[in-house]
Amino acid sequence: MSDTIKTSDLDKAFRDEVLTEPGAEKLILCFNCTGCTAGCTMAEHEPNYNIRQLLRMANLGMRDELLNHPYLWNCTTCYKCQERCPQGVPNVDILLKIRTMAVHSGIMLDNHRKVAQLMAKTGHAVPINDDNKEKRKKLGMNELPETVHNYPDALEEVHKIVRITEFDKLTEAQS
Amino acid sequence: MSELSFFLGCIAPNRYPGIEKATKIVMEELGVHLLELKGASCCPAPGVFRSFDKLTWLALASRNVVLSEEMGVDLLTVCNGCFGSLVDANNTLKEDEQLRSDVNKVLAEVGHEFKGTIRVRHIMEYLYDDVGVEKVKESIKYPVDLKVAVHYGCHLIKPSKERHLGSIENPTFFDELVEATGAESVMYKDKNACCGAGGGVRTSALETALKLARAKLEHAKAAGVDCIVDACPFCHLQMDVGQTEIAKKFGDVFNMPIVHYSQLLGLGMGYTPQELGIDMNYVKNDDFIAKIEKIGGGK
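On a predicted model such as this, the values are computed, not experimentally measured, just so you know. (Residues numbered from 1 in each chain as written. Chains lettered and ligands numbered in written order. Predicted model: local features only at pLDDT ≥ 70, side-chain atom pairs only at ≥ 80, totals over all residues. Heavy atoms only, no water.)

Novice: Describe the overall build of chain A, listing the residues and the values that go with them.
Specialist: From N to C terminus, chain A includes eleven helices and zero strands. In chain A, the succession of helices and strands from N to C terminus is α-α-α-α-α-α-α-α-α-α-α. The globule rule puts the C-alpha radius of gyration for 175 residues at 16 Å, and the 20 Å found for chain A is more than 25% above it. The principal-axis extents of the C-alpha atoms in chain A amount to approximately 60 × 35 × 35 Å. A total of 175 residues make up chain A; the buried ones form 48% of that total. Of all intrachain contacts in chain A linking residues separated by at least 6 positions in sequence, the fraction that spans at least 24 positions is 63%. Carbon and sulfur atoms form 50% of the exposed surface of chain A, whose accessible area is close to 8800 Å². (Helix = DSSP H or I, 4+ residues; strand = E, 2+ residues; numbered from the N terminus. Rg over C-alpha atoms; globule rule 2.2 N^0.38 Å. Buried < 20%, exposed > 50% of the residue type's maximum accessible area, 1.4 Å probe, protein only. Contact = heavy atoms within 4.5 Å. Areas by Shrake-Rupley, 256 points an atom, 1.4 Å probe, with all protein chains shown as cover.)

In structure tokens:
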């Protein structure tokens, strides 16, 4: 049996930061009806994913457990729980805020880092490839779409934005 | 003739170009001229990029919106994910002065300013509200005699506070637009369930994401449909490419054709599956292609 969490281990500042997300103050109104988890499509297929538990942990200020939680990234953001919550808790918005705090603490899944770098470099999370250039030609379309792919100046704007917001540094490969 | 900018996103132009082409064809037939949104980028994807850094997400999303503002037209997307990003960012910046000021500081560095002058539209709600079911029905030359499982997906209708599209538990507008083509929208179990791709789950936990897709495919198959119709290239990829991955990982074979609504509409207007790129899916189902080739034939 694992040790009980001590109140002295709880991080109130963490909870306060989570609650800065617009609407997140409603988290304290949760009366544990369990509707969010009972109706969760992800939980049906991955029972270890429990959004109610994650949000209750946030309310308690269990920072380290949450930021490193193995199922923090299982929400597909379908928003069903957020729509159904009788107390109006913006579950998904709060979860995304916690994820942001994880990423800004240097905790990021490898595949997410890769897709972030790909977007920062090419302007597309899913860039064109040879196979699809062929498909486009076969359909009588230009090989490249009229996106950043075809406009280097526009891509430079994207590069500049990710430099200004330091998204490039945030998502760069860890040494 | 109405004009809108056409925001392509990533997956339509770069994985399913047939969806891009079909959309241009069917909107022109309906009297809606789509203008190229030159230099647009990834929306960027709402679940992942918003998770990573909210300011970057808002700045890149608003840059895409601003490109359309500068053209003086509303923006159209054929993807639920792009709709999620762009509608949420557009509404957030219209309402939150502080965030708008933060984002405009970033945009000023690349010569743009968010003014909040346009609407972001998804093809399904645009067709329903602005074009109308009757006009869609009138555009059909060859009724599409198919049994269809409609997949709304998530970000088309949720979060509802940013959408105003009616019931999120039992929406009907997509079904009405499908039936306007002559197809029959068949009820199936957990119809409104998520495909499993969003939120970065497909990227980071593929096997789990595929379990959600497999359930959708099982339920659609049990209802005896000819195909699944969606309005999101990411759901499309998850259910189409996903079938090849499900076959490898779990051994289940569905051979389920996945069709975007633009492509379904194109069939009813008399375009061939080849012109609409329906035959370019990763799952090859020759029987289905032969069946839909009989609908209208080439023009």
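Novice: Just give me the short version of the sheet that holds strand S8 (residues 258-260) of chain B, but keep the residues and values in it.
Specialist: Residue and element names in this part refer to chain B. One open sheet holds the four strands; their spatial order is S6-S5-S7-S8, and the pairing between them is parallel. A strand with exactly one partner marks an edge of an open sheet, and here the two such strands are strand S6 (184-185) and S8. Looking at chain direction, strand S5 (residues 147-150) and S6 are connected through two bridges and run parallel. Looking at the pairing, valine 148 lines up with serine 185 of S6. (Pairing = 2+ DSSP bridges.)

Novice: Tell me about the state of the cysteines, and please be specific about residues and values.
Specialist: All told, the structure shown has zero disulfides over all chains when counted by the stated rule. For A:Cys78, which is in no disulfide, the shortest distance to another cysteine sulfur is to B:Cys154 and amounts to 4.7 Å. Taking the relative accessible area as the measure of exposure, A:Cys78 reaches 13% and is therefore buried. (Disulfide = S-S within 2.5 Å.)

Novice: Give me the lowdown on the packing of helix H4 (residues 51-60) of chain A against helix H7 (residues 91-104) of chain A, citing residues and values where you can.
Specialist: Residue and element names in this part refer to chain A. Running from amino to carboxyl end, H4 crosses H7 at an angle of 60°, the nearest separation of the two axes being 11 Å. Taken as a pair, H4 and H7 cross one another with a handedness that is left-handed. Here Ile51, Leu54, Leu55 and Ala58 of H4 lie close against H7, whose contacting residues are Asn91, Ile94, Leu95 and Ile98. Partitioned by chemical class, the residues of the contact of H4 with H7 number seven nonpolar, one polar and no charged. (Axes fitted to C-alpha atoms, helices over the stretch in contact; angles between N-to-C directions. Left-handed = near helix turned anticlockwise from the far one by under 90°. Nonpolar A, V, L, I, M, F, W, Y, C, P; charged D, E, K, R; others polar.)

Novice: If you had to explain the nonpolar core to someone new, which residues and values would you point to?
Specialist: Formed by 158 residues in total, the largest nonpolar core has its most connected members in A:Ile98, B:Phe49, B:Phe174 and B:Tyr261. Non-local contacts of B:Tyr261, meaning those with residues more than four positions away in its chain, are made with B:Met124, B:Leu127, B:Val136, B:Phe174, B:Leu177, B:Val178, B:Thr181, B:Val229 and B:Asp230. (Core = buried A, V, L, I, M, F, W, Y, C linked by side-chain atoms within 4.5 Å.)

Novice: Give me the interface of chain A and chain B: which residues, what numbers.
Specialist: Contacts between the two partners involve 60 residues from chain A and, on the opposite side, 65 residues from chain B. For the pair chain A and chain B, the summed buried surface comes to about 5300 Å²; carbon and sulfur atoms form 62% of the total. On inspection of chain A and its partner chain B, the count reaches six salt bridges. Residues A:Arg136 and B:Glu20 are paired through a salt bridge, measuring 2.9 Å at the closest nitrogen-oxygen approach. (Buried area = accessible area lost by both parts, 1.4 Å probe. Salt bridge = Lys/Arg side-chain N within 4 Å of Asp/Glu carboxyl O.)

Novice: Hey, could you go over the sheet that holds strand S4 (residues 120-122) of chain B for me, with residue numbers and the actual values?
Specialist: All names here are of chain B. In space, the four strands of this open sheet follow the order S2-S1-S3-S4, with parallel pairing throughout. Looking at strand neighbours, the two that pair on one side only are strand S2 (32-36) and S4, the edges of this open sheet. Direction aside, neighbouring strands of the sheet carry axes that sit 40° apart on average. Two strands pair when backbone bridges link them, and strand S1 (residues 2-7) and strand S3 (residues 75-77) are joined in this way by three bridges, in the parallel orientation. Looking at the pairing, serine 5 lines up with leucine 75 of S3. Across the face of the sheet, helix H5 (residues 80-95) comes into contact with S1, S3 and S4 while running at roughly 155° to S4.

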